[in-house]
Amino acid sequence: MKIAIFGGTGDLGRGLAITFAAAGHEIVVGSRSQERADQAAAGLKEGYPEGTFIPMENAAAAAAGEIAVVSIPYEGIESTIPPLAEHLAGKVVVTVVNALKFGKSGAMAVLDLPAPSCAHQIQDLAPEAKVVVAYNNLPAAALQERHPVDSDVLVCGKSREAREAVVELTTAIPGCRALDAGPLANALIIEGMTALIINLNKRYGGEASIAISGLENAPERTPSH
Ligand SMILES: NC(=O)c1ccc[n+]([C@@H]2O[C@H](COP(=O)([O-])OP(=O)(O)OC[C@H]3O[C@@H](n4cnc5c(N)ncnc54)[C@H](OP(=O)(O)O)[C@@H]3O)[C@@H](O)[C@H]2O)c1
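Asks: How do you make sense of the overall build of the protein chain when you look at a structure like this?
Replies: A tally of regular secondary structure across the protein chain gives 9 helices and 10 strands. Over its C-alpha atoms the protein chain spans a radius of gyration of 16 Å, differing by no more than 12% from the 17 Å that the globule rule assigns to 225 residues. In terms of overall dimensions, the protein chain has a C-alpha envelope of 40 × 40 × 40 Å along the principal axes. By residue count, 51% of the 225 residues in the protein chain fall in the buried class. Partitioning the intrachain contacts of the protein chain with sequence separation of at least 6 by distance along the chain shows that 76% fall at a separation of at least 24. Accessible area of the protein chain: about 10,600 Å², with a carbon and sulfur share of 52%. The averaged location of the 25 negative side-chain charges in the protein chain is 5 Å from the averaged location of its 17 positive side-chain charges.

In structure tokens form, the structure reads like this:
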């Protein structure tokens, strides 16, 4: 599948790019600047020579991708998404975006967003896209280094078909399984949980992620190679 990543030049974008490329997907590395996209794609190719990394500005990436991932800071949603909306109509659009702020006592979720969550804001700005929230809680560094992430990926979105597409896509990530956690209404909970993970990492060290126990009929995690 051809996966466009907006902000594919960033930490999580590059981590997902290399991970999906290693599973055989073609990656369109999106950026606000063709030059930064070129540099990031060259770096990704150096890190994983077998992969296909196509550098493009975000709008061209949106048109080229069969599925898209929004991997930018939340402050950029309002300027980034509207010019892409037409190209995203009918496509699954995964958002990893978290709205976080940092105080003396640690990371906190931003609650006074223009919409109930970052995912809702993206859905509002690209109304015909099938927006799904996923990968918000995964550590970028481990993905970039292609270390297995023993983690569950919580997936929320309006369209069940889109959620299932993301569950399937997640089989590409060693050590992960995605779980269909229901409607987009709960997206803020997934996004905000990243603040807790950052605080746990700071308090106890390491790279925490989410693991759900007690499910009887959930899929197995993709084996770590
Ligand atoms: N880092 C992690 O471990 C991690 C884990 C889970 C979720 N997340 C979430 O994933 C998103 C990306 O995180 P990141 O750490 O990869 O961020 P990042 O490296 O700071 O930024 C990603 C890319 O977004 C683009 N960008 C920066 N400011 C922008 C703006 N105002 N408008 C539009 N695009 C802008 C930049 O690409 P160009 O300049 O090339 O356009 C940048 O390379 C965030 O929302 C974060 O909360 C991160």
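From this point, the discussion proceeds with the structure in view.
Asks: What is the right way to look at the pattern of salt bridges in this model?
Replies: Pairing between side chains becomes possible if they bear opposite charge and their charged atoms approach one another. Counted under the stated rule, the structure contains 6 salt bridges. With a closest N to O distance of 3.0 Å, D152 and R221 form a salt bridge. With D152 in strand 9 (residues 151–157) and R221 in the segment after helix 9 (187–204), this residue pair connects regions lying 69 residues apart in the sequence. The class of D152 is buried, set by a relative accessible area of 1%. Among the salt bridges present, the one from R160 reaches E164, with a minimum N-O distance of 3.1 Å. Of this pair, R160 and E164 both sit in helix 8 (residues 160–169), 4 residues apart, which is roughly one turn of the helix.

Asks: Explanation requested: helix 6 (residues 118–125) in the structure shown.
Replies: Residues spaced three or four apart along an α-helix point in a common direction, a consequence of the helix completing one turn every 3.6 residues. Burial analysis of helix 6 places 6 of its 8 residues in the buried class, the great majority of the element. Taken together, the buried positions of helix 6 are C118, A119, H120, Q121, I122 and Q123. Elements that come into contact with the buried residues of helix 6 comprise strand 4 (67–70), helix 4 (77–80), strand 5 (92–95), strand 8 (130–133) and helix 9. The N-terminus of helix 6 is capped by S117, whose side-chain oxygen sits 3.3 Å from the backbone nitrogen of A119.

Asks: Mind showing me how you'd approach the site of the ligand here?
Replies: Within the structure, the ligand sits among 20 residues, and T9, S31, R32, R36 and I72 are positioned closest to it. Within the side chain of S31, one N or O atom sits 2.5 Å away from an oxygen atom of the ligand. Within the backbone of A140, one N or O atom sits 3.1 Å away from an oxygen atom of the ligand. When the ligand is considered free in solution it has 880 Å² of accessible area, and contact with the protein chains removes 76% of it. Here the shell around the ligand is built from residues that sort into 8 nonpolar, 9 polar and 3 charged.

Asks: Sorry, what's going on with the environment of S71 here?
Replies: For S71, the position within the fold is in the loop between strand 4 and helix 4. Taking the C-alpha atoms as reference, S71 lies 16 Å from L154; in sequence the two are 83 residues apart. If we ignore the near neighbours within four places in the chain, the residues touching S71 are I5, F6, G7, L12, G13 and V96.

Asks: Looking at this model, I keep getting lost on the pairing of strand 7 (residues 106–109). Mind explaining?
Replies: Sheet faces and side chains relate simply in a regular strand, where the side chains alternate between the two faces. Summarising the sheet, strand 6 (residues 100–103) and strand 7 pair through 4 bridges and their orientation is antiparallel. Each bridged residue has a counterpart across the sheet, and for G103 the counterpart in strand 7 is G106. From the end of strand 6 to the start of strand 7, which pair antiparallel, there are 2 residues.

Asks: Please explain the sheet that holds strand 8 as it appears in this structure.
Replies: Whether parallel or antiparallel, the strands of a sheet pair through hydrogen bonds between backbone atoms. Within the open sheet, the 8 strands sit side by side as 3-2-1-4-5-8-9-10. Their pairing is mixed. Only two strands of the sheet have a single neighbouring strand rather than two, namely strand 3 (52–57) and strand 10 (176–180). On average, each strand axis in the sheet is inclined to that of its neighbour by 25°, with strand direction left out of account. As judged from the 4 bridges shared by strand 1 (residues 2–6) and strand 4, these two strands associate in the parallel manner. The residue of strand 4 that forms the bridge with F6 is V70. Strand contacts of helix 2 (residues 34–47): strand 2 (26–31) and strand 3, with the helix running at about 170° to strand 3, the strand carrying the most contacts.

Procedures and definitions
- Residues numbered from 1 in each chain as written.
- Predicted model: local features only at pLDDT ≥ 70, side-chain atom pairs only at ≥ 80, totals over all residues.
- Heavy atoms only, no water.
- Helix = DSSP H or I, 4+ residues; strand = E, 2+ residues; numbered from the N terminus.
- Rg over C-alpha atoms; globule rule 2.2 N^0.38 Å.
- Buried < 20%, exposed > 50% of the residue type's maximum accessible area, 1.4 Å probe, protein only.
- Contact = heavy atoms within 4.5 Å.
- Areas by Shrake-Rupley, 256 points an atom, 1.4 Å probe, with all protein chains shown as cover.
- Lys, Arg positive; Asp, Glu negative; His and termini not counted.
- Charge placed at Lys NZ, Arg CZ, Asp CG, Glu CD.
- Salt bridge = Lys/Arg side-chain N within 4 Å of Asp/Glu carboxyl O.
- Polar contact = N/O pair within 3.5 Å; in protein donor to acceptor, adjacent residues only side chain to side chain.
- Near = heavy atom within 4 Å.
- Nonpolar A, V, L, I, M, F, W, Y, C, P; charged D, E, K, R; others polar.
- Pairing = 2+ DSSP bridges.
- Axes fitted to C-alpha atoms, helices over the stretch in contact; angles between N-to-C directions.

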